[in-house]
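# Architecture at a glance
Residues per chain are reported as follows:
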Amino acid sequence: MMGRRTLIWLVAAVALMVAFFGGFELHSRSVSRMAGAGPDAQAATIRDEVVTALRNSYYRPLAPAVLHAPTLHGVLRALDDPYTEYLDPQAYQRLLANEQSGFSGVGLALSHAPGGLLVTITLPGMPAAAGGVRSGDLIVAIDGRPLRRVSYQDAVDRLHGATGSRVVVTVRRPGTSRPLRLTLERRPVHLPIVFHRVIRLGGDRYEYLRLPGFVQGAGDSVRAIAQRARRAHVSGLVLDLRGNVGGLLDEAVQVTRVFQGSGVVVSTRGLHEPVRIYSAGDGAVAGVPMVVLVDGSTASAAEVVAGSLQRAGRAIVVGSRSYGKGTVQAVEPLSRGGALKLTVAVFRLAGGERVNRRGVLPDVAAVNRPATRVDEALRAALRVLTRR
């Protein structure tokens, strides 16, 4: 069985783009043959295939408890790795569909907030905007089930469903005393790769780019916008990576190369993976002052971009400490339609710096308060640019 297997960058607490993608788990374009697949694959159990994939690809040696566990659940439990999991056929098909930047949803971008999900973007013409949801609303319940004690990933999962199905969201809105109950019908969503606009401040113009995830084409899109901004002589550029959970490694490197002209971007290493070093190259868009916005949901590949630009002195990082996920995952298709997502490597920034559990530390701290609709972190980023 020919399968697709590449590096992907994921985080346990899925953030902004999950609200769009219904599970932001992207994989790349390379192809390899899964070890053990072939004429005997149909006779093997899912548990056996998973163990074979772990033997051949896992980033560190396997403990005996993993190899001897009699069930698939036991294998994964003994592994004790929150980023390695079995995807059933339905979950794997959703992953494949998500790679194309299309899905069924309500058209919201969300960030984590105390008591629920904070709405940061509503897509014009989509169910959420048409149904009355506004940026700044706090979703406190979905289908009548409170979100107060629910994990972020579980909360956004409740927004997912089939095209045409309905979901009821309960929102608290600043300035209103009672929560609102809004019924939304899920529809297919096709997203732009980058959200961007010009911000005018004190007679100056600043280019603002929000990159929700590193899908195919992200690097080219960011480069085109950055080149136009330089030709327009903008006073600065804000790259917003808040809530960005990652995506394709190649695209993250390409986005970094748009702004960083030299030096190491990132390196990866695993037990079965050769050391790979990704460097910046010629063709960077220079001469435009730059700020990168991060928060606690900025993870993995997004941390590579923010951390590399910070270490290279190309950008000032504003916001709060990023998530701190420094491992690399791959997706290995299995014979019965499912797949295994497994950790295959760790990554380091230039100079060997790791972000795992540490995150990228901002140069300027700035945090939004859920009770206000003002984007205080963006205001802080613009203040940094006006002083440069």
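Scroll up for the structure.
So, a few notes on the structure that sits alongside this text. (Residues numbered from 1 in each chain as written. Predicted model: local features only at pLDDT ≥ 70, side-chain atom pairs only at ≥ 80, totals over all residues. Heavy atoms only, no water.)

Check the secondary structure of the chain and you find 11 helices and 22 strands. Within the chain, the fraction of its 388 residues that count as buried is 54%. For the chain, contacts bridging at least 24 residues in sequence account for 70% of all contacts bridging at least 6. When the accessible area of the chain is evaluated, it comes to approximately 16500 Å², of which 50% is carbon and sulfur surface. (Helix = DSSP H or I, 4+ residues; strand = E, 2+ residues; numbered from the N terminus. Buried < 20%, exposed > 50% of the residue type's maximum accessible area, 1.4 Å probe, protein only. Contact = heavy atoms within 4.5 Å. Areas by Shrake-Rupley, 256 points an atom, 1.4 Å probe, with all protein chains shown as cover.)

Our focus in this paragraph is the sheet that holds strand S14 (residues 204-210). Judged by pairing direction, the sheet is mixed, and its six strands sit side by side in the order S13-S14-S15-S18-S19-S22 without closing on themselves. The open sheet terminates on both sides in strands that have one partner only, identified here as strand S13 (195-201) and strand S22 (364-365). Bridge analysis of S13 against S14 gives seven bridges, and the strand direction is antiparallel. From the neighbouring strand, Val-198 faces S14, where its bridge partner is Glu-207. Running at roughly 145° to strand S18 (residues 290-294), helix H10 (residues 301-311) makes contact with strand S15 (236-240), S18 and strand S19 (316-319) of the sheet. Contacts from helix H11 (residues 376-386) reach S13, S14, S15, S18, S19 and S22 within the one sheet, and its direction differs from that of S18 by about 160°. (Pairing = 2+ DSSP bridges. Axes fitted to C-alpha atoms, helices over the stretch in contact; angles between N-to-C directions.)

Before going further, it helps to examine the nonpolar core. Residues Leu-54, Leu-211, Phe-214, Leu-239, Leu-241, Phe-259 and Val-292 are the most contacted members of the largest nonpolar core, which totals 61 residues. Excluding residues that lie within four positions of it along the chain, Phe-259 makes contacts with Val-222, Ala-226, Leu-237, Leu-239, Ala-284, Val-285, Met-290, Leu-309 and Arg-314. (Core = buried A, V, L, I, M, F, W, Y, C linked by side-chain atoms within 4.5 Å.)

Contact pair helix H2 (residues 46-57) / helix H4 (residues 72-79): the axes reach a minimum separation of 8 Å and the direction vectors enclose 30°. Judged by the angle between their axes, H2 and H4 are roughly parallel. On H4, the residues that touch Ile-46, Arg-47, Val-50, Val-51 and Leu-54 of H2 are Leu-72, Val-75, Leu-76 and Leu-79. A breakdown of the residues in the contact of H2 with H4 according to their chemical character gives eight nonpolar, no polar and one charged. (Parallel < 35°, antiparallel > 145°, perpendicular 65-115°, else oblique. Nonpolar A, V, L, I, M, F, W, Y, C, P; charged D, E, K, R; others polar.)

A few words now on a nonpolar patch on the surface. There is a patch of nonpolar side chains on the surface, built from Val-264, Val-275 and Ile-277 and spanning about 240 Å² of accessible area. In this structure Ile-277 comes out as exposed when scored by relative accessible area, which is 56%. (Patch = residues over 30% accessible without salt bridge, like charges linked within 9 Å, V, L, I, M, F, W, Y side chains within 5 Å. Salt bridge = Lys/Arg side-chain N within 4 Å of Asp/Glu carboxyl O.)

With that out of the way, let us pick up the pattern of salt bridges. What the rule picks out here adds up to 11 salt bridges. Between Asp-240 and Arg-210 there is a salt bridge whose closest N-O contact spans 3.9 Å. Separated by 30 residues along the polypeptide, Asp-240 in strand S15 and Arg-210 in strand S14 bring together distant segments of the chain. Both residues of the pair, Asp-240 and Arg-210, count as buried. Put simply, Glu-353 and Arg-358 hold a salt bridge, and the shortest N to O gap is 2.8 Å. The class for Arg-358 is partly exposed, based on a relative accessible area of 37%. Counted as one network, the salt bridges with shared partners bring together Arg-210, Asp-240, Arg-242 and Asp-375.

Moving on, we come to the packing of helix H8 (residues 218-231) against helix H9 (residues 249-259). Between H8 and H9, the least distance of the axes is 8 Å, while the angle of their chain directions is 15°. Between H8 and H9, the interaxial angle falls into the category roughly parallel. The way H8 lies across H9 gives a crossing that is right-handed. On the side of H8, the interface is formed by Ala-218, Gly-219, Val-222, Arg-223 and Ala-226, while H9 contributes Glu-251, Gln-254, Val-255, Arg-257, Val-258 and Phe-259. Of the residues in the contact of H8 with H9, the class split is six nonpolar, two polar and three charged. (Left-handed = near helix turned anticlockwise from the far one by under 90°.)

Note that Lys-341 resides in strand S21 (residues 339-348). Here the side chain of Lys-341 touches Tyr-83 through a polar contact of 2.7 Å, landing on its backbone oxygen. (Polar contact = N/O pair within 3.5 Å; in protein donor to acceptor, adjacent residues only side chain to side chain.)

With that settled, consider H4. Within H4 the residues assigned to the buried category are Gly-74, Val-75, Leu-76 and Leu-79. In this fold, the buried residues of H4 make contact with H2, helix H3 (64-68), strand S4 (85-87) and S21. Positive backbone phi, at 55°, marks Asp-80, one or two positions downstream of H4.

Time to look at the packing of aromatic side chains. Within this structure, the stated rule accounts for one aromatic pair. Pairing Tyr-58 with Tyr-59 gives two aromatic rings, centres 5.0 Å apart and planes at 65°, and the pair type is edge-to-face. Sitting over the face of the ring of Tyr-83, Lys-325 holds its NZ or CZ atom 4.8 Å from the ring centroid. (Phe/Tyr/Trp six-rings, centres within 6.5 Å; stacked < 30°, edge-to-face > 60°. Lys NZ or Arg CZ within 6 Å of the ring centre and 35° of its normal.)

With that settled, the discussion passes to the pairing of strand S20 (residues 327-333). Among the seven residues of S20, seven are classified as buried, and the element is accordingly described as predominantly covered. Burial along S20 is two-sided: the face carrying Thr-327, Gln-329, Val-331 and Pro-333 and the face carrying Val-328, Ala-330 and Glu-332 are both buried. Linking two consecutive strands that pair antiparallel, namely S20 and S21, is a turn of five residues; a positive phi of about 100° is found at Gly-337 within it.

All right, on to the pairing of strand S10 (residues 166-172) then. With five of seven residues buried, S10 is to be regarded as a mostly interior element. The pairing of S10 with strand S11 (residues 180-185) spans six bridges and is antiparallel. Looking at S11, one finds that Val-168 is bridged to Thr-183.

A few words on H8. For H8, which comprises 14 residues, the first-to-last C-alpha distance of 20 Å matches the rise-based estimate of 20 Å (1.5 Å per residue) to within 8%. Taken as a whole, H8 has its buried residues at Ala-218, Gly-219, Val-222, Ile-225, Ala-226 and Ala-229. The buried residues of H8 occupy an angular sector of 135° when the element is viewed end-on, so they sit on one face. For H8, exposure combined with an orientation more than 90 degrees from the buried face picks out Asp-220 and Arg-231. Buried residues belonging to H8 abut S13, S14, S15 and H9. (Expected span 1.5 Å × (residues − 1). Arc of directions from axis to C-beta.)

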